[in-house]
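Commentary on secondary and tertiary structure
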Amino acid sequence: MTSRLPAILAFIILALPGIALAEWKPVEQEKTYSISGSSGAELYAAIGERGPKVGGLPLGAIAHTSFKLTWTRKYEPRDGGCVIAVNKPKLIITYVLPKLTGKPPQSVRQEWETFISGVRDHEKVHGRMIVDMVKEIETMSVGFSVPNDPDCKVIRQELTRRLAEISQNQRQKSRDFDKVELSKGGNIHQLILRLVNGS
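Model, not experiment: these values are computed from the prediction.

1. Re the confidence of the model for the protein chain
Considering every residue of the protein chain, the mean pLDDT works out to 87; 86% of them sit at 70 or more. Mean pLDDT across the elements of the protein chain bottoms out in helix α1 (residues 5-20) (34) and peaks in strand β1 (residues 27-35) (96). Predicted confidence for residues 1-22 stays below pLDDT 50, and this span has 0 contacts to residues more than four positions away or in other chains.

Here it is in C-alpha cells:
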C-alpha cells in the first residue's frame, strides 16, 4: 500500500490545476408546442396559432430562445476599495420549438425535417450569442475593483451600469440577426417558403 501512495498523491496534484481551471457550461433545454396538419401550409398556419407570443405580436413566433442567468458573486473590501473576488455564472438557455404530431404524408414530413432542423440551428445561434454575452460579463467583472468604496456600494452600481450596456449590445445583435434571417431571401424566409410551397 505504501509504495502506491506517492503515485496517488502525484495524480491528485496533477489533477488539481485542471479542476481549478474547469470552465462553466450552460445548461441547454428544449420545450415544445404541438402542431399538426396534412400539408406544409397547414403546419405553418398551426405555428402561427400555437407558437410562442413574442413582443406583443398577434401571431405566434416559430420558435423562441430565452435564458435565466444567476451569479455566485463575492465582493471583498480591499485597501479602502472593493473588488469582485468571485463571479461564477449559472446559465440556463431554453429553446421553444414546434413539434410535429400526427402522420402527415411522407413528402410533407421530409420537408418538415428540413424546416425544423434549420429553425433549431437558427435558435442555437441565439444561444451562442447569450453564452458570449455571459463570457464577456465574466471577463469584465472578475477582479473588477472600485477605489474608495469600503462598503462595496459604488461597485454594485458601476457593475449594474456596465452589465446593462453588455446586455443591450447582445439584444441588438440578436435583433440584427433575426432581421437578416427573416428578410426576403434570408435563411428562415427560404425555409418557410419551402415548407409552405414544397421543394
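2. Some words on the layout of surface pockets
Taken as a whole, the largest pocket holds about 800 Å³ of empty space. Together, 26 residues line the largest pocket, and Val54, Ala63, His64, His126 and Asp178 are the ones closest to its centre. Sorting the residues of the lining of the largest pocket by element identifies β2 (64-78), α3 (106-141), α4 (154-182) and α5 (187-197) as the ones contributing at least two each. The element best represented in the lining of the largest pocket is α4, accounting for 7 residues. Partitioning the lining of the largest pocket into residue classes produces 13 nonpolar, 9 polar and 4 charged.

3. A short note on the pattern of salt bridges
This structure, assessed with the given rule, holds 8 salt bridges. For the salt bridge of Glu158 with Arg161, the shortest nitrogen-to-oxygen distance reads 2.5 Å. Highlighted residues: Glu158 and Arg161, both in helix α4, separated by 3 residues, approximately one helical turn. What makes Arg161 partly exposed here is its relative accessible area of 42%. Through salt bridges with shared partners, one network takes in Glu158, Arg161, Arg162 and Glu165.

4. Quick notes on the state of the cysteines
The final tally for this structure, using the stated rule, is 1 disulfide. The residue that forms a disulfide with Cys82 is Cys152, at a sulfur-sulfur distance of 2.0 Å. Its S-S torsion of approximately 100° makes the covalent link between Cys82 and Cys152 right-handed. Note that Cys82 is positioned in strand β3 (residues 81-100) and Cys152 in the loop between β4 (145-146) and α4, a separation of 70 residues in sequence.

5. Description of the pairing of β3
Extensive coverage of β3 is indicated by the burial of 14 of its 20 residues. Relative to β3, β2 is paired through 15 bridges, and the arrangement is antiparallel. Directly across from Arg73, in β3, lies its bridge partner Asn87. Hairpin connection from β2 to β3: 2 residues lie between these consecutive antiparallel strands, with Asp79 at a positive phi of about 50°. Relative to β4, β3 runs antiparallel, the two being bridged by 2 bridges. Bridging across to β4, Cys82 finds its partner in Val146.

Calculation notes
Residues numbered from 1 in each chain as written. Predicted model: local features only at pLDDT ≥ 70, side-chain atom pairs only at ≥ 80, totals over all residues. Heavy atoms only, no water. pLDDT = per-residue confidence, 0-100. Helix = DSSP H or I, 4+ residues; strand = E, 2+ residues; numbered from the N terminus. Contact = heavy atoms within 4.5 Å. 1 Å grid on protein atoms, 1.4 Å probe; cavity = no way out; pocket = protein on both sides within 12 Å on 5 of 7 lines; lining within 4 Å. Points joined across faces, edges and corners; volume = space filled by probe spheres on them. Nonpolar A, V, L, I, M, F, W, Y, C, P; charged D, E, K, R; others polar. Salt bridge = Lys/Arg side-chain N within 4 Å of Asp/Glu carboxyl O. Buried < 20%, exposed > 50% of the residue type's maximum accessible area, 1.4 Å probe, protein only. Disulfide = S-S within 2.5 Å. Pairing = 2+ DSSP bridges.

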